[in-house]
Amino acid sequence: MSTRFRNFQPVDTDAVLALWDKSRSTGFEPVYSLAEVLASCNEDHAIVAYDSTSIIGVAVGRVAHEQGWVVLLVVDENYRGLGIGGRLLGELEVDMAKSGITKLSMLVADDGKSGVLEKAGFIDLKHLKYFEREVSVSERERELLRDLGGRVLERDLWDKIAGMKNEKELLERRLVLPLSDSKLAEAFGVEPPKAIVLFGPPGTGKTTFAKAVASRLDWPFIEFFPSRLGGDKNGVAGGLRDVFTSVDELENVVVFIDEVEEIASKRKGDPPSPTQGVTNELLKLIPSFREKPGRLLVVATNYIRALDDAFLRHGRFDYVIPIGLPDAEARESIWTRYIPASAVGTIDLSELVKRTAGFSPADIEYAARKASQRALEQSVYESKVATKDSSTTKTEHYLWAIGDTRQTVSDEAIEEFEQDIERLGRL
Ligand SMILES: Nc1ncnc2c1ncn2[C@@H]1O[C@H](COP(=O)(O)OP(=O)(O)OP(=O)(O)O)[C@@H](O)[C@H]1O
Ligand SMILES: [Mg+2]
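Scoring rules and cut-offs
- Residues numbered from 1 in each chain as written.
- Chains lettered and ligands numbered in written order.
- Predicted model: local features only at pLDDT ≥ 70, side-chain atom pairs only at ≥ 80, totals over all residues.
- Axes fitted to C-alpha atoms, helices over the stretch in contact; angles between N-to-C directions.
- Helix = DSSP H or I, 4+ residues; strand = E, 2+ residues; numbered from the N terminus.
- Parallel < 35°, antiparallel > 145°, perpendicular 65-115°, else oblique.
- Left-handed = near helix turned anticlockwise from the far one by under 90°.
- Contact = placed C-beta atoms within 7 Å.
- Nonpolar A, V, L, I, M, F, W, Y, C, P; charged D, E, K, R; others polar.
- Domains from an automatic or database assignment.
- Core = buried A, V, L, I, M, F, W, Y, C linked by C-beta atoms within 7 Å.
- Buried ≥ 20, exposed ≤ 12 C-beta atoms within 10 Å, placed from the backbone.
- Near = placed C-beta within 6 Å.
- Expected span 1.5 Å × (residues − 1).
- Pairing = 2+ DSSP bridges.

Peer 1: So what exactly am I meant to see when it comes to the packing of helix α16 (residues 361-381) against helix α17 (residues 395-403) here?
Peer 2: Pairs of packed helices are described in terms of their axes, by the angle between the two and the distance that separates them. For the pair α16 and α17, interaxial distance at closest approach is 8 Å and the crossing angle is 130 degrees. By the angle between their directions, the pair α16 and α17 is classed as oblique. In the crossing of α16 with α17, the sense of the turn from one axis to the other is right-handed. Contacts between α16 and α17 pair Ala 367, Lys 370, Ala 371, Arg 374 and Ala 375 from the former with His 397, Tyr 398, Trp 400, Ala 401 and Ile 402 from the latter. Across the contact of α16 with α17, the residue classes break down as seven nonpolar, one polar and two charged.

Have a look at this one:
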């Protein structure tokens, strides 16, 4: 009997599986997984080629809007060169055309044999590359995240942190390395960290770093403020418990508690203060949070010396990391980040860097915005007096804005911070 063609039927499943296995063992590299192919066999379009004894080829397609995709095309190796692949494609196209496709595409491995495709009129678009990435969060997890006010962050936050080389390197080594490759860490006997404290003056980038770590790991990020948990029917302690219970269902997550001093400040004798119950609750929740791998608790505070000693005891937090003011090099990077690309070459950066010793990244960001706003207004409203290169922000705008920006972190606060690093820092 000569080769015949017909639509796929569920009874063909085993034969298609056998064909898949046989082709795999002779070097065929599928682009789509077997599960996807089988799903398409049943739900989309599939044509089989058969002779008197068995199924000898299969073509499977899927339609997305007006574009058809061939997700599988295989012919038994004993039947190659007989034009069966071309016929399969032809039959598949006829079947898919009923769905209104205007284009039929196929991805093949780079070394895939494309002779059949070219004969069937497909063009090898050499300038195309195929990209893919795994979706790290399932749909169910996304729902849970939505309920918790969490989200998956953009992927480039880590690279967007300008300067802060020492802090970045420290976090990269202590957190990102062991968490992103826990098998490697294990091989060296390193227990990946489960919880850390970030402390430092306001606006130095604690929140920014917490998010950047989540982004770097590609883990979802949940942030909560103790002050906002008060609305829970069981109070702040109940709110905390609820958050930690829900988080338990996520495969990976970074949980961030900002302003943690609000709930974990020093417990003072009796009568117990209302926050004491909350501190106790958090102290109870941390050990069970630590039990499961793939999760990181980050807490941040401006005022670490106010934290309860029990809170910072060994065993709860793996690291207590200071995030300080940017040094000259970091300030230069931060300035560069906020100065428009078209203006950056014309600005006296070293002067800005010198004049902003003691500024936090947030202060620099503020001054930079102010300078840009001023330059914009001048260029639009005062163009009569403007010279012809008035269309960019200039050094003088920045110097004016710096003069008009108050340094958030006082010298006294810096001194206290230095003492805190000595006494409480744990790297
Ligand atoms: N290294 C950096 N490069 C560029 N911008 C930065 C950097 N660090 C912080 N910023 C910016 O400064 C601002 C303040 O940063 P962030 O909120 O992370 O500070 P914080 O330490 O959490 O402050 P707070 O103690 O007030 O909570 C943000 O707008 C952030 O984008
Ligand atoms: Mg913050």
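Peer 1: Explanation requested: the domain arrangement of the protein in the structure shown.
Peer 2: Entries for the protein in the domain assignment read domain 1 (4-119), domain 2 (139-325 + 419-424) and domain 3 (328-408). Here the C-alpha centroids of domain 1 and domain 2 sit 50 Å apart.

Peer 1: What is the right way to read the nonpolar core from this model?
Peer 2: Side chains that are nonpolar tend, in soluble globular proteins, to be buried together. Leu 198, Ala 210, Val 213, Val 254 and Val 298 are the most contacted members of the largest nonpolar core, which has 68 residues in total. Counting residues per element, this core draws most heavily on helix α9 (residues 206-217), which supplies six residues. Viewed by domain, this core spans two of them, domain 2 (139-325 + 419-424) and domain 3 (328-408), each represented by three or more residues. In this structure Ala 210 touches Leu 198, Val 254, Phe 256, Val 298 and Ala 300, once residues within four positions along its chain are discounted. Formed by 25 residues, the second largest nonpolar core is a distinct cluster that contains Phe 8, Cys 41, Ile 84 and Leu 92.

Peer 1: Hey, could you run me through the packing of helix α14 (residues 328-338) against α16 in this one?
Peer 2: It is at 10 Å that the axes of α14 and α16 come closest, and there the two elements cross at 35 degrees. The hand of the α14/α16 crossing is right-handed. Across the interface between the two elements, Arg 331, Ile 334, Trp 335 and Tyr 338 from α14 touch Pro 361, Ile 364, Glu 365 and Ala 368 from α16. The class makeup of the residues in the contact of α14 with α16 is six nonpolar, no polar and two charged.

Peer 1: Even after reading the chapter, I still don't get the site of ligand 1, so can you show me in this structure?
Peer 2: Close to ligand 1 lie 17 residues; Gly 205, Lys 206, Thr 207, Thr 208 and Pro 361 are nearest. Counting residues per element, the ones that place at least two in the shell around ligand 1 are α9, α14 and α16. Counting contributing residues per domain, the shell around ligand 1 is built from domain 2 (139-325 + 419-424) and domain 3 (328-408), each supplying no fewer than three.

Peer 1: Would you mind showing me how to read helix α18 (residues 411-424) here?
Peer 2: Because an α-helix packs 3.6 residues into every turn, residues spaced three or four apart end up facing the same way. Taking 1.5 Å per residue, 14 residues should reach 20 Å; α18 reaches 20 Å between its end C-alpha atoms and fits that length. Of all 14 residues in α18, one are buried, a share of ten percent or less.

Peer 1: I tried to follow the sheet that holds strand β3 (residues 55-64) on my own but got confused; where do I start?
Peer 2: In a beta sheet, neighbouring strands are held together by backbone hydrogen bonds and run either parallel or antiparallel to one another. Taking strand neighbours across the sheet as the criterion, the five strands line up as β1-β2-β3-β4-β5 in an open arrangement whose pairing is mixed. On the outer flanks of this sheet lie β1 (4-7) and β5 (103-106), each paired with one strand and no other. For this sheet the average axis-to-axis angle between neighbouring strands, irrespective of direction, equals 25 degrees. Two strands pair when backbone bridges link them, and strand β4 (residues 67-75) and β5 are joined in this way by four bridges, in the parallel orientation. Among the inter-strand pairings, Trp 69 is bridged to a residue of β5, identified as Ser 105.

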